[in-house]
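# Coordinate analysis (summary)
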Amino acid sequence: AAIARVLSDIRGPWAFVFWHQAHQRLWFGRDFFGRRSLVWRKHIGRNNALVGVDLASTAPPPAASAAPGSKSIPNGDNMERSWEEVPATGIYYIDFARVPAGAHASIATGQNENADNAIGMRLEHVPWCAPTSACATSDPASDGPALVKPVGDFNATLPPPASTGQDGPLTGDGAEAYASTVENLLSHLKIAVRRRVEWQRIPAHKISPSERSSAPLGDEETPRVAILFSGGIDSMMIAAVAHLVLPIDVGIDLVNVAFENPRMSKAGTPAYNVPDRLTGVDGLEELKQLPDGHARAWKFIAVDVPLSELQHHRAHIRTQFCTNSMGSETACEVV
C-alpha cells in the first residue's frame, strides 16, 4: 500500500522496477498514460505456469536477447514469448516470498531455474482506481489507499445502438444522438479556433494598438496562420478545424520542431527523424485528404534544434515552464 501511495502522488511520466527487500517483492510498472517505455517477456513453462519474466526499458536486438551466462529454459509449450509493452493499466509485482521452496528464481535473469517442475510464480496486478472511489487492490495485505489515477473517470458510454443489437454502424435514435454529440463538439471547436484566426483579416488601421503590436507583418488583408504541429491528436485537431473555418485561399503554416538525437545518427538514421517529425510528416498527408485539403496552401516548416542549443537554453526554458500553473510539475520534469 505504501508503494501505491507514493506512486499515486507522482505527477509526470515514469516507469520503474523496484526490488523490495523486506517483503521479497519485485515491483514494476508505468505511469497512467504509459509515457515511459518498459517492456517485458514472459516465460511460460509446462501447464501454462509462469516461470520467469524479463524486464527492460526497450526490447533488445534479437542477438542480445539472451544475456551471456544466463541459463536457458527447457523447451516446452509456449516457453518463451516476444517482447511486449508492460500494460499501463496499473502496476505489477511478483512475491518471491510465496515462491515454493523447491523453486529458485534468479532476479538477474528473470528466470525460474526449476522450470522442469513448472513451479509457477504469481504475477499480481494493482489496478488504477478513480480518485473518488474506495479502491481495493489485489494485494490482500493492503491496509490503505490503492493506486489512484491522476485523472477522474472518463465517460466510456455511447448512445445505444440499433434495436437489433447487431454489430455495425449506429442507426435510428442511437445514430442521431451520436451525430448530435459529434456536431456539438465540432461546433465548439470551430468557435474556439475561429476566434483565434479570423481576427487577422481585419485591416491594420482597425486593430487596437495592443493588438497591432502582435499583428502579422505583410499585406494587411492577408492573414498569417501558424500552428505548432507535432502530428499528435491535439495539433492535428487544431489544424483540421482551422482548415474548416478559414477561407481556402488562406495558407496555413505547420511549424514542426525536432530536437537532435545523436543516438539516431550512430544508428545510421537522420538525427532529426524523431517521433514528432515523423508523425508531423504523416499528419500533413492526412490533412491533405480532408475535403479541399489539396487546395489549401499548407507549408510544413521543419525546425531542427541542435542538442547543443537545447542544452545552452535549458536553464532559461525551465524558468518559463516551472511556475505554479496547472500541469507545471510535468513540464518541470521533462524539460
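Here the structure is shown first, and the text comes after it.
Overview of the structure. (Residues numbered from 1 in each chain as written. Predicted model: local features only at pLDDT ≥ 70, side-chain atom pairs only at ≥ 80, totals over all residues. Heavy atoms only, no water.)

It is worth spelling out the overall build of the chain at this point. Helix and strand counts for the chain stand at eight helices and 13 strands. For the chain, the proportion of contacts with a sequence separation of at least 24, taken over those separated by at least 6, is 59%. Total accessible area on the chain stands at roughly 20600 Å², and carbon and sulfur atoms take up 55% of it. (Helix = DSSP H or I, 4+ residues; strand = E, 2+ residues; numbered from the N terminus. Contact = heavy atoms within 4.5 Å. Areas by Shrake-Rupley, 256 points an atom, 1.4 Å probe, with all protein chains shown as cover.)

The next thing to look at is the pairing of strand β3 (residues 39-44). Most of β3 is tucked away, with five of its six residues classed as buried. Note that β3 and strand β4 (residues 50-56) share six bridges and pair antiparallel. Across the sheet, residue His-43 finds its bridge partner in β4, namely Gly-52. Counted along the chain from β3 to the antiparallel partner β4, the turn is five residues long, and its residue Asn-47 has a positive phi close to 65°. Both β3 and strand β5 (residues 84-85) contribute to a ladder of two bridges, which runs antiparallel. (Buried < 20%, exposed > 50% of the residue type's maximum accessible area, 1.4 Å probe, protein only. Pairing = 2+ DSSP bridges.)

Ordered in space as β1-β2-β6-β9-β10, the five strands form an open sheet in which the pairing is mixed. Since the sheet does not close on itself, it has two edges, and those belong to β1 (15-20) and β10 (147-148), each with one partner.

The next thing to look at is the packing of aromatic side chains. For any pair of aromatic rings, geometry is given as the distance between the ring centres together with the angle between the planes. Evaluation of the coordinates by the stated rule reveals nine aromatic pairs. Between the aromatic rings of Trp-19 and Phe-96, the centroid separation amounts to 5.6 Å while the plane-to-plane angle is 65°, which identifies the pairing as edge-to-face. Here the residue Trp-19 occupies a position in strand β1, and Phe-96 occupies one in the loop between β6 (90-95) and β7 (105-106), the gap between them amounting to 77 residues. For Trp-19, a relative accessible area of 29% puts it in the partly exposed group. Of the residues examined, Phe-96 reaches a relative accessible area of 15% and is grouped as buried. Centre to centre, the rings of Trp-27 and Tyr-93 are 4.5 Å apart; their planes meet at 35°, and the pair counts as tilted. With a gap of 66 residues between them, Trp-27 in strand β2 (residues 25-30) and Tyr-93 in strand β6 connect regions that are remote in the sequence. These aromatic residues form a ring-pair network of at least three members: Trp-14, Phe-16, Phe-32, Phe-33 and Trp-128. (Phe/Tyr/Trp six-rings, centres within 6.5 Å; stacked < 30°, edge-to-face > 60°.)

Below, the discussion takes up helix α4 (residues 233-245). Here α4 spans 18 Å end to end across 13 residues, near enough to the 18 Å set by a 1.5 Å rise per residue. Within α4, burial applies to Ser-235, Met-236, Ala-239, Ala-240, Val-241, Ala-242, His-243 and Val-245. (Expected span 1.5 Å × (residues − 1).)

In this section: the sheet that holds strand β13 (residues 298-305). Reading across from one edge, β11-β12-β13 is the order of the three strands in this open sheet, with parallel pairing throughout. Pairing within the sheet leaves two strands with one partner each, and these edge strands are β11 (225-228) and β13. Going from strand to strand, the sheet's axes swing by 25° on average, the running direction of each strand aside. Across eight bridges, the pairing between strand β12 (residues 252-259) and β13 is parallel. Paired with Phe-259 across the two strands is Val-305, which belongs to β13. Here α4 sits on the sheet and contacts β11, β12 and β13; the angle it forms with β11, its principal contact strand, is near 160°. Sitting on the sheet, helix α6 (residues 275-288) is in contact with β12 and β13, with an inclination near 180° to β13. (Axes fitted to C-alpha atoms, helices over the stretch in contact; angles between N-to-C directions.)

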